[in-house]
Amino acid sequence: MAEHYDTDLDSVFDDDDDTIDGLGLDGEPDVARNYNRQRPLHSNQQKPAANTAANVDDQIAALSRHAAKIRLDDVKESQDREKDKADRATSEQVLDQRTRMILYQMINRGVLSEIHGAISTGKEANVYGAVAYPDINGPPIQRAVKVYKTAILSFKDRERYITGEHRFKHGADKGNNRKMVKLWAEKEFRNLRRIHSAAIPCPEPIQLKLHVLVMSLLGDRKGYAYPRLRDARIAGEDVDQQWRRLYTQLLGIMRRLYQVCRLVHADLSEYNILYNDNQLYIIDVSQSVEHDHPRSLEFLRMDIKNTGDFFRRQGVDTLPDRIIFDFVTSPDGAVEEPGLSEAIEQLYMTGLSSAIDGKTAAEREVDNEVFRNQYIPQTLEQVYDIEKDAQAIGEGEGGKLVYRNLLADQVVSQKAAEDLSSGDESDEGAALDDDSGSDDESKFAKGTPRGKRFQDKGEKKQHKHAVKEAKAEKRKEKMPKHLKKRLIATTSRKNK
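Attention here is on the structure that accompanies the text. Residue positions are given per chain, counted from 1 along the sequence in the order it is written. Only residues with pLDDT of 70 or above have their local features reported here, since the model is predicted, and side-chain atom pairs are shown and tallied only from 80 upward, although totals for entire chains, interfaces and linings are computed over all residues. By convention in this description, side-chain values take in all heavy atoms of the structure and omit both hydrogens and water.

**A look at the pairing of strand E4 (residues 205-209)**
- Burial here depends on accessible area, computed with a 1.4 Å probe over protein chains only, as a share of the maximum for the residue type. Under 20% is buried, over 50% is exposed, and the range in between is partly exposed. We count a stretch as a helix when DSSP gives it H or I for four or more residues in a row; a strand needs E for two or more, and each element gets its number in order from the N terminus. By the criterion of burial, E4 is predominantly enclosed, with four of the five residues buried.
- Across four bridges, the pairing between E4 and strand E5 (residues 212-216) is antiparallel. Looking at the pairing, Leu-208 lines up with Leu-213 of E5.
- Linking two consecutive strands that pair antiparallel, namely E4 and E5, is a turn of two residues; a positive phi of about 55° is found at Leu-210 within it. Only strands joined by at least two bridges in the DSSP assignment are considered to pair.

**A closer look at the packing of helix H9 (residues 296-313) against helix H10 (residues 321-329)**
- To obtain an axis, a line is fitted to C-alpha atoms, over the contacting stretch when the element is a helix, and the angle between two such axes runs from 0 to 180 degrees between their N-to-C directions. Where H9 contacts H10, the axes come no closer than 10 Å and their chain directions differ by 125°. With respect to each other, H9 and H10 are oriented oblique. For the crossing formed where H9 meets H10, the hand is right-handed. When H9 is examined against H10, the residues Leu-297, Leu-300, Ile-304, Lys-305 and Arg-312 are found in contact with a partner set consisting of Asp-321, Ile-324, Phe-325, Val-328 and Thr-329.
- By the convention adopted, Pro, Cys, Tyr, Trp, Phe, Met, Ile, Leu, Val and Ala count as nonpolar, Lys, Arg, Asp and Glu as charged, and the other residues, Gly among them, as polar. For the contact of H9 with H10, a count of residues per class yields six nonpolar, one polar and three charged. Here is the rule for angles: anything less than 35 degrees is roughly parallel, anything more than 145 is roughly antiparallel, 65 through 115 is roughly perpendicular, and the remaining ranges are oblique. Throughout, a crossing is termed right-handed when the near helix is turned clockwise from the far one, and left-handed when it is turned anticlockwise from it by less than a right angle. Only heavy atoms matter for contacts: two residues are in contact if any of them lie within 4.5 Å across the pair.

**Notes on the pattern of salt bridges**
- Whenever Lys or Arg places a side-chain nitrogen within 4 Å of a carboxyl oxygen from Asp or Glu, that contact is recorded as a salt bridge. Across all of its chains, the model carries 19 salt bridges by this definition.
- Residue Arg-256 is joined to Glu-336 by a salt bridge in which the shortest nitrogen-to-oxygen separation is 3.1 Å. Of the two residues, Arg-256 is situated in helix H8 (residues 239-259) and Glu-336 in the loop between H10 and helix H11 (339-355); the sequence distance between them amounts to 80 residues.
- You can call Arg-256 buried: its relative accessible area is 12%.
- Given the relative accessible area of 44%, Glu-336 is considered partly exposed.
- Lys-476 is the salt-bridge partner of Glu-473, the closest N and O atoms lying 3.5 Å from each other.

Worth remembering: the numbers are spatial, not functional.
Set out below in structure tokens:
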């Protein structure tokens, strides 16, 4: 059993898993590590074989002194298990040995100082509260530790997120859950880093080791996490206005996610949004996909539906799903403050009145349902009737296409430009005389067709006669063949 644990823990003590994309623990490029990775793997140097088992045992013994700093009452360290899989499983409130070793390493390196109880538990991961003391005399820093479940997590319902993702280009390795969970955790780390760099409120990713992710805690100084938007308690005389401001704030976040981060959350709802002091925070982005994912627009439409249904239950007069979809995917418009807030307010005032004018609530709900079930192509190959859509664009109705924001701007706006130019020509036409019209027509007059069969017979005969005379004159100056052979033979004898 001990030998199996030593082999099982080799990946825990592998330093290559501590960095991502050649970055060190501080997020800066690790020059030394990148240099060592580029050195040849084969070498003629004779080195004694290392006792790997003893090395792992020594590291386990050294790290075990931090066991008291993981203060989880539900962790059963002395439980006798018969099956190896049960020992490796990270169930709801149990940390397996590999996870404990990773946490001991983080404590030993100063990333964490103490780990407290669970903040939240889910079907794919548990989040624990932690404390770090970067400065001995300074205040503690609250952090969160997300531990992904290894043996329990099933990727059957994650197939739609994996298919089309470049990190899962070889498909889901259903026989190796640990490998998939590691990639899943790495995906959330990358997404969080991208979202945080775009100044969108979210946890700051700090370090990732296999299936353990350390990030900043979205909470107060005492370690209490912010409530989910579903559990938010908003009080005051202007509750309706506060909910409306939160709704417009969320629209801006969705647009920035798509336009700046090039991501779609793919599971955005009141359960994956935290709230504190009139500010929304985005969490749980492990399933987020790139904007060019085969099903990204479908996921975006689902996010719009889920968030819209929640805010409607709070009494907010939300915008139609189609208008929000076009606003998020449109490449034109502001993505930074204060222009983003102004654009949303303008959209809310004009779009709402123009879209629902004269329609009842039932009719608006029918329009939303039609849009939610509408097929959205992402490539021209997926367009059902391309000729019909091309005709609509030619007639100036390209704005009605659900995928119009995916087309080139000059294609969608071609009809409008032609109408504008034709209007300018009609205004100037009254000041021109009739001769100008004939000159314009002459520009498009067809010339003489090219080819011998369109030539005149007389011209063709003259051309043939001229060619014969030219060849006859050329033959007069040509050296006879017998003289040419004699000259060649004489020259060759002299050379001998």
